[in-house]
Amino acid sequence: MDLQQVYKELEKENVDIHTKYSYSHRHKTKGYIKRLSLGRIWFNLLLPDDYPLVDEPVTKKVLNKIIRDIVEKYDTETVADILTNIQREAFKLSSIVPVSLDEEHLILPDDIEEKRKKLLKDEDDPIEFQKKTYEITKEYLDRLKEQDSPIVSIIESGAKSSVADMANLMIARGSTVDIKGEISKPIRQSLNDGLDGESYYLSAKESRRALFIRSQFTAEPGYLARKVTFANANIELGGNDCKTTKYLELRVTEDLKDCLIGRYYVDERGKLKEITEDSDIIGKRIKLRSPLYCKEPNDNICKICYGKLADKLKDKNIGILAGSVINTEGIEGFSMKVRHKATQVNFKPVDLKKDLIESSIRKSEIEKFLDIRTNEIICKYDCTIFIDRRDYREGELDEFAEYFIVPGILSVEFPEQETTIPLVYNYSVKVLKSTNVEETERVVAIHYSAGDKIIEQDIVSTDTDMRLIIRLLDGKIKYIKDPLVLLLMIHDQLPKIALVHLEVIVSNMFRCAEDPKIKCRYKGSYKNSIILGQVDQPFVDSWLTSMAFERIKKAIKSALIYETGIKNNSLEKLMKLEFD
Ligand SMILES: [Zn+2]
């Protein structure tokens, strides 16, 4: 059977997608006849002759795996041909057998409708409400699946839509989040029902948030990617193996593993191993070779610390690559998603104890000064929280009569004990005002007495927070002393990006406090470090880049007074119109 025959079969009226056809192939079925559905025969025909038979539902995840495999096995031009072919034929197929939703999907079966009314009637807790909504949605989708509804395949394949979208459409809207991050009480109607007056206004809060994000963060992410590119342009691939004996020690989760394919780690016997799809490392702590500890001189990262991707690259500019990956994978993906996403938010209950303590290297110290409970923090001694308005850009810090909403990182000062405790978390919290608040134009000082509650937060949205990504990469995070904490915080927000790109960026941010020109990775230790954000790095590294960047006055000063050198990296050659 060839492609034309497949299309001819599909064009017949009343074609049943479950009908099996005979398929045999010299390599794929070793000449034997196999009974496969038309869809599977179609997909296998798109893959190269020597590629093994694919006999499982091809979801987005499976397709990604196959593409990764193809990229590994074939040369660049063949890969481009294969992928173009898959795309062209997929478009063609979707015009022959289009998959869509029809109106009968918009009528809930009576028993599910009953259940919906009963389950959701008295539930007021946003998280419980969402849980119940999803349960009913799944039941409804199972029902549709029995009826062979195409909408289920669309969702299960990962092509479009989700259980959350279907819940929104058919079961109930649930809670919404407004600009300030406040979570509303659940909306009991679905979009299919239509909204009553109150629900309409609750829903509008969410729309305003989406409009705000769109206006505020459409230009911003592109600019951030540009900053990352400029700041990291000096970093190049070079050297085969720096033989460093310092490793990035990581506990590998399932999601994290996907971001580590092709990297090297050392096992218990000190042997170098590559991480592949089949590596059994989930749940284990591994010692990863990483750009964060690469000793290769002159801003180079060696091939072992960088990982297998090094062999595929035709260009040595891995710093510029990291910038463009941030742009395409993370940022564009994010701003496009915010624009098109149906307004279903995901929440999680806050667990300050877990979120703060586990990510901190100063665990015992934190517990000595603060009583950290699941969703509130109480101070054990008199203390002050300083909020420096200059650290936050417009829209980042919200003030209310009784509290501030503060994103990301805070420091609590204990003057009598001469200690400052940094609190690092991946969301915004309410910082409660005390009766003693001092305020200058820029800095707010909130003084607390021992036993006061200083922070509280119950639920947070788990959607990507662009503001936090920008804060992290701009280096407004001076209290983080462990590169792994910063790395995982960025990874949390951009979970699809291969970790190596983030490691390249983070390794460039940590500098020695005595001399910021020196990167901590050259010392093999991150003690006594400071963090330089993307905007600050060029002023230390190269005056030419800083001149092409922003804050031109400061750039001139750093060129004339401090005589910062230049690096002659690819971007700078371009600026000077010098080409290899
Ligand atoms: Zn290295």
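## Some thoughts on the overall build of the protein chain
Logical step 1: Secondary structure assignment for the protein chain yields 24 helices and 21 strands.
Logical step 2: The C-alpha atoms of the protein chain give a radius of gyration of 27 Å, which matches the 25 Å a tight globule of 580 residues would have.
Logical step 3: If you line up the protein chain on its principal axes, its C-alpha atoms span 80 × 65 × 50 Å.
Logical step 4: Taking all 580 residues of the protein chain together, 47% fall into the buried category.
Logical step 5: Within the protein chain, counting contacts between residues at least 6 apart in sequence, those at least 24 apart form 63% of the total.
Logical step 6: Taken as a whole, the protein chain presents about 30100 Å² of accessible surface, with 50% of it coming from carbon and sulfur.

## Thoughts on the domain arrangement of the protein chain
Logical step 1: Partitioning the protein chain into structural domains gives domain 1 (3–96), domain 2 (110–207), domain 3 (223–337 + 468–579) and domain 4 (347–462).
Logical step 2: Between domain 1 and domain 2, the C-alpha centre-to-centre distance is 35 Å.

## A few points about the sheet that holds strand β6 (residues 272–274)
Logical step 1: In space, the 4 strands of this open sheet follow the order β4-β7-β5-β6, with antiparallel pairing throughout. Each edge of the open sheet carries a strand with a single partner, namely β4 (248–251) and β6. On average, each strand axis in the sheet is tilted by 45° relative to the strand beside it, whichever way the strands run.
Logical step 2: For strand β5 (residues 264–266) and strand β7 (residues 285–288), the ladder comprises 2 bridges, and the chain directions are antiparallel. Its bridge partner lying in β7, Tyr265 is registered against Leu288.

## Re helix α8 (residues 163–171)
Logical step 1: Those residues of α8 lying buried are Ala164, Met166, Ala167, Asn168, Met170 and Ile171.
Logical step 2: Structurally, α8 contributes buried residues whose contacts are with α5 (110–121), α6 (126–146) and α7 (150–157).

## Re a nonpolar patch on the surface
Logical step 1: Residues Ile552, Ile556, Leu560, Ile561 and Tyr562 make up a contiguous nonpolar surface patch of roughly 550 Å² in combined accessible area.
Logical step 2: Within the fold, Ile556 resides in helix α23 (residues 552–560).
Logical step 3: The partly exposed category is assigned to Ile556, whose relative accessible area is 38%.

## With respect to the nonpolar core
Logical step 1: Grouped together as the largest cluster of nonpolar side chains are 60 residues, with contacts concentrated most on Leu250, Leu473, Ile480 and Leu486.
Logical step 2: Those residues within four positions of Leu486 in sequence are excluded, and the remaining contacts are Leu472, Ile477, Ile480, Val506, Met509, Phe510 and Ile531.

## A short note on the coordination of the zinc ion
Logical step 1: Donor atoms from the polypeptide that bind the zinc ion are Cys242 (SG), Cys294 (SG), Cys302 (SG) and Cys305 (SG), placed at 2.3 Å.
Logical step 2: Because the angles between the 4 donor atoms bound to the zinc ion fall within 103 to 116°, the donor set is best described as tetrahedral.
Logical step 3: On the primary sequence, the residues serving as donors to the zinc ion are separated as C-x51-C-x7-C-x2-C.
Logical step 4: By relative accessible area, which is 0% here, Cys302 ends up buried.
Logical step 5: Note on Cys305: relative accessible area 0%, which makes it buried.

## Topic: unusual backbone geometry
Logical step 1: For Lys243, which is not glycine, the phi dihedral falls at a positive 60°.
Logical step 2: Locating Lys243 in the fold gives a position in the loop between β3 (236–237) and β4.

## Examining the side chain of Asn508
Logical step 1: With respect to the helices, strands and loops of the structure, Asn508 is situated in helix α19 (residues 499–509).
Logical step 2: The contacts of Asn508, once residues within four sequence positions are left out, are Ala231, Asn232, Ile235, Lys519 and Gln537.

## Digging into the layout of surface pockets
Logical step 1: The space that makes up the second largest pocket amounts to roughly 2000 Å³.
Logical step 2: Along the wall of the second largest pocket there are 39 residues; nearest its centre are Val58, Leu93, Val99, Ser153 and Ser157.
Logical step 3: Taken together, the elements giving at least two residues each to the lining of the second largest pocket come down to α2 (38–46), α3 (60–73), α4 (76–96) and α7.
Logical step 4: In terms of residue count, the dominant contributor to the lining of the second largest pocket is α4 (7 residues).
Logical step 5: For the lining of the second largest pocket, the per-class residue count stands at 21 nonpolar, 11 polar and 7 charged.
Logical step 6: Composition of the lining of the second largest pocket by domain shows at least three residues from each of domain 1 (3–96) and domain 2 (110–207).

## Re the pattern of salt bridges
Logical step 1: Taken as a whole, this structure holds 34 salt bridges when the rule is applied.
Logical step 2: Where Lys132 meets Glu123, a salt bridge forms, and the shortest distance between an N and an O atom there is 2.8 Å.
Logical step 3: The shortest N-O distance in the salt bridge between Asp280 and Lys284 comes to 3.3 Å.
Logical step 4: Shared partners join several salt bridges into a network, and the residues in it are Asp371, Arg373, Glu376, Lys453 and Glu456.

## Quick notes on the packing of α5 against α6
Logical step 1: Where α5 contacts α6, the axes come no closer than 10 Å and their chain directions differ by 175°. Judged by the angle between their axes, α5 and α6 are roughly antiparallel. From α5, Asp111, Ile112, Lys115, Arg116, Leu119 and Leu120 reach across to α6, where they touch Phe129, Lys132, Thr133, Ile136, Glu139, Tyr140 and Arg143.
Logical step 2: Its residues placed into classes, the contact of α5 with α6 shows 6 nonpolar, 1 polar and 6 charged.

## Some details on the packing of aromatic side chains
Logical step 1: Counted by the stated rule, this structure contains 7 aromatic pairs.
Logical step 2: Aromatic pair Phe510 and Tyr526: ring centres 5.3 Å apart, planes at 80°, arrangement edge-to-face. Highlighted residues: Phe510 in strand β20 (residues 510–512) and Tyr526 in the loop between α20 (520–523) and β21 (529–531), separated in sequence by 16 residues.
Logical step 3: Judged by its relative accessible area of 7%, Tyr526 falls in the buried class.

Conventions adopted
Residues numbered from 1 in each chain as written. Predicted model: local features only at pLDDT ≥ 70, side-chain atom pairs only at ≥ 80, totals over all residues. Heavy atoms only, no water. Helix = DSSP H or I, 4+ residues; strand = E, 2+ residues; numbered from the N terminus. Rg over C-alpha atoms; globule rule 2.2 N^0.38 Å. Buried < 20%, exposed > 50% of the residue type's maximum accessible area, 1.4 Å probe, protein only. Contact = heavy atoms within 4.5 Å. Areas by Shrake-Rupley, 256 points an atom, 1.4 Å probe, with all protein chains shown as cover. Domains from an automatic or database assignment. Pairing = 2+ DSSP bridges. Axes fitted to C-alpha atoms, helices over the stretch in contact; angles between N-to-C directions. Patch = residues over 30% accessible without salt bridge, like charges linked within 9 Å, V, L, I, M, F, W, Y side chains within 5 Å. Salt bridge = Lys/Arg side-chain N within 4 Å of Asp/Glu carboxyl O. Core = buried A, V, L, I, M, F, W, Y, C linked by side-chain atoms within 4.5 Å. Donors = N, O, S within 2.8 Å, 3.2 Å for Na, K, Ca; no water. Tetrahedral: all angles 85-135°; square planar, octahedral: opposite > 155°, others 65-115°. 1 Å grid on protein atoms, 1.4 Å probe; cavity = no way out; pocket = protein on both sides within 12 Å on 5 of 7 lines; lining within 4 Å. Points joined across faces, edges and corners; volume = space filled by probe spheres on them. Nonpolar A, V, L, I, M, F, W, Y, C, P; charged D, E, K, R; others polar. Parallel < 35°, antiparallel > 145°, perpendicular 65-115°, else oblique. Phe/Tyr/Trp six-rings, centres within 6.5 Å; stacked < 30°, edge-to-face > 60°.

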